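Tertiary structure, described
Okay, here's what each chain looks like letter by letter:
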Amino acid sequence: MKSNDQTSPVSRASLPSAAQRWLESALPQDLDLPATVELEQEGSMQIRGQWTPFTAKGIYKAPPLSFEWRARFQMLPGVWIVAEDGHQGGQGWGGARLWGIIPMGKRTDPEVLATQLVRNLGELAMLPSFALTDPALAWSEAGESAFEVRYSAGDREAIVRFEIDEQGDVVRAYSPSRPYDVPGGYAEAPWYYAFSEHRDFGGVRIPAAAVATFEKEDGDEEYFRGRITGVKLGE
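Below: a short report on this structure. (Residues numbered from 1 in each chain as written. Predicted model: local features only at pLDDT ≥ 70, side-chain atom pairs only at ≥ 80, totals over all residues. Heavy atoms only, no water.)

Attention shifts here to the overall build of the protein. Broken down by element type, the protein carries 3 helices and 13 strands. Projected onto the principal axes, the alpha-carbon positions of the protein cover approximately 50 × 35 × 35 Å. Expressed as a percentage of its 235 residues, the buried residues of the protein come to 48%. When contacts within the protein are restricted to residue pairs at least 6 apart in sequence, those whose partners lie at least 24 apart make up 46%. Within the structure as shown, the protein displays about 11,200 Å² of accessible surface, and the carbon and sulfur contribution to it stands at 49%. Charge-centre separation for the protein: the mean point of 23 positive side chains lies 6 Å from the mean point of 34 negative side chains. (Helix = DSSP H or I, 4+ residues; strand = E, 2+ residues; numbered from the N terminus. Buried < 20%, exposed > 50% of the residue type's maximum accessible area, 1.4 Å probe, protein only. Contact = heavy atoms within 4.5 Å. Areas by Shrake-Rupley, 256 points an atom, 1.4 Å probe, with all protein chains shown as cover. Lys, Arg positive; Asp, Glu negative; His and termini not counted. Charge placed at Lys NZ, Arg CZ, Asp CG, Glu CD.)

Following this line, the structure appears as structure tokens:
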């Protein structure tokens, strides 16, 4: 499938002007649009007050938009945890297994679906081809250098505002509300990705580095620092 107006499910010309500038920078006109994108990552996350290193692989698909993310966290010498997040078919999940075997809990509440939808939508900055393959994404103008995208699955809806710089690179993805775990349930707070180190991966320009932060009442909480180490585009 070619990413032009005649053969793409979504026309570039139908998108907000800032989104068009983003795709001009990120996505070649003649690129075959993949249905699957695999991202390999490394980085660290805040776990119980400690920055813990991880390596991960995420498999993203559209349409419909979905993902499965599997990461290995090195807790101590000889001790690691495998975490799995994702959503598909109106169901979201998040869980972990000690040494990849012993279950340590898994959540599939509606709030988890909302959490994963916001994450997946924010990561559109790293998946520019999906902007043209999934007509279920709802776009709107948000000024000269920003645009908003909405997406629904099950009974949940996510909204993310994307900001671009002078080169057309997405530098921030912001949601006014994303659930997070608290003892006994969930709370919500504004959340954002800060993107940097944009570079070419297989002809597609995306941010190689991302930092995720919750804007909580008692202050900002940065909890994720990730870097893309490889990209594979599927058919």
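There is more to say, and it comes next.
Turning our attention to the packing of aromatic side chains. Taken as a whole, this structure holds 12 aromatic pairs when the rule is applied. Consider the rings of F54 and F73, whose centres lie 5.5 Å apart with planes at 45°: the pair is tilted. Placement of the pair is F54 in strand β2 (residues 50-61) and F73 in strand β3 (residues 66-76), with a sequence separation of 19 residues. By the burial criterion, F54 is buried, and F73 matches it. The interplanar angle of 70° and the centroid separation of 6.3 Å between the aromatic rings of Y193 and F224 together place this pair among those described as edge-to-face. One end of the pair, Y193, is in strand β11 (residues 185-201); the other, F224, is in strand β13 (residues 219-233), and 31 residues separate them in sequence. Summarising the burial analysis for this pair, Y193 and F224 share the class buried. Among the aromatic residues, those joined into a cluster by ring pairs are F54, W69, F73, W191, Y193, F195 and F224. Stacked on the ring of W80, the Lys or Arg R72 has its end atom at 3.9 Å from the ring centre. Directly above the ring of W51 sits R225, whose terminal nitrogen or CZ lies 3.7 Å from the centroid. (Phe/Tyr/Trp six-rings, centres within 6.5 Å; stacked < 30°, edge-to-face > 60°. Lys NZ or Arg CZ within 6 Å of the ring centre and 35° of its normal.)

Turning our attention to the nonpolar core. In this structure, W22, W69, W139 and F147 are the most contacted members of the largest nonpolar core, which totals 61 residues. Considering every element that reaches this core, the biggest residue donor is strand β12 (residues 204-216), with 6 residues. Aside from chain neighbours lying at most four places away, what touches W69 is Q41, M45, F54, A56, K57, G58, Y60, A83, E84, D85, R119 and F224. (Core = buried A, V, L, I, M, F, W, Y, C linked by side-chain atoms within 4.5 Å.)

All right, on to the side chain of T133 then. Relative to the helices and strands, T133 is located in helix α3 (residues 130-133). A relative accessible area of 6% places T133 in the buried class. Excluding residues within four positions of it along the chain, T133 makes contact with P9, L33, P34, A62 and P63.

It is worth spelling out the pattern of salt bridges at this point. Across all of its chains, the model carries 16 salt bridges by this definition. Notably, a salt bridge pairs E84 with R70, separated by 2.7 Å at the nearest N-O pair. Of the two residues, E84 is situated in strand β4 (residues 79-88) and R70 in strand β3; the sequence distance between them amounts to 14 residues. On the accessibility criterion, E84 (27% relative accessible area) is partly exposed. For E215, the salt bridge is made with R172, and the minimal N-O distance between the two is 3.6 Å. Highlighted residues: E215 in strand β12 and R172 in strand β10 (residues 170-182), separated in sequence by 43 residues. You can call R172 partly exposed: its relative accessible area is 22%. Linked through salt bridges whose partners overlap, the residues forming this network are R161, E163, R172 and E215. (Salt bridge = Lys/Arg side-chain N within 4 Å of Asp/Glu carboxyl O.)

Take unusual backbone geometry next. A cis amide bond, omega -10°, links A62 with the succeeding residue P63. Following the sequence through the fold, P63 ends up in the loop between β2 and β3. In the Ramachandran plot, R48 falls in the positive-phi region, its phi being about 55° despite a non-glycine side chain. Inspection of the secondary structure puts R48 in the loop between β1 (36-47) and β2.

Keep in mind these numbers describe shape, not what the thing actually does.
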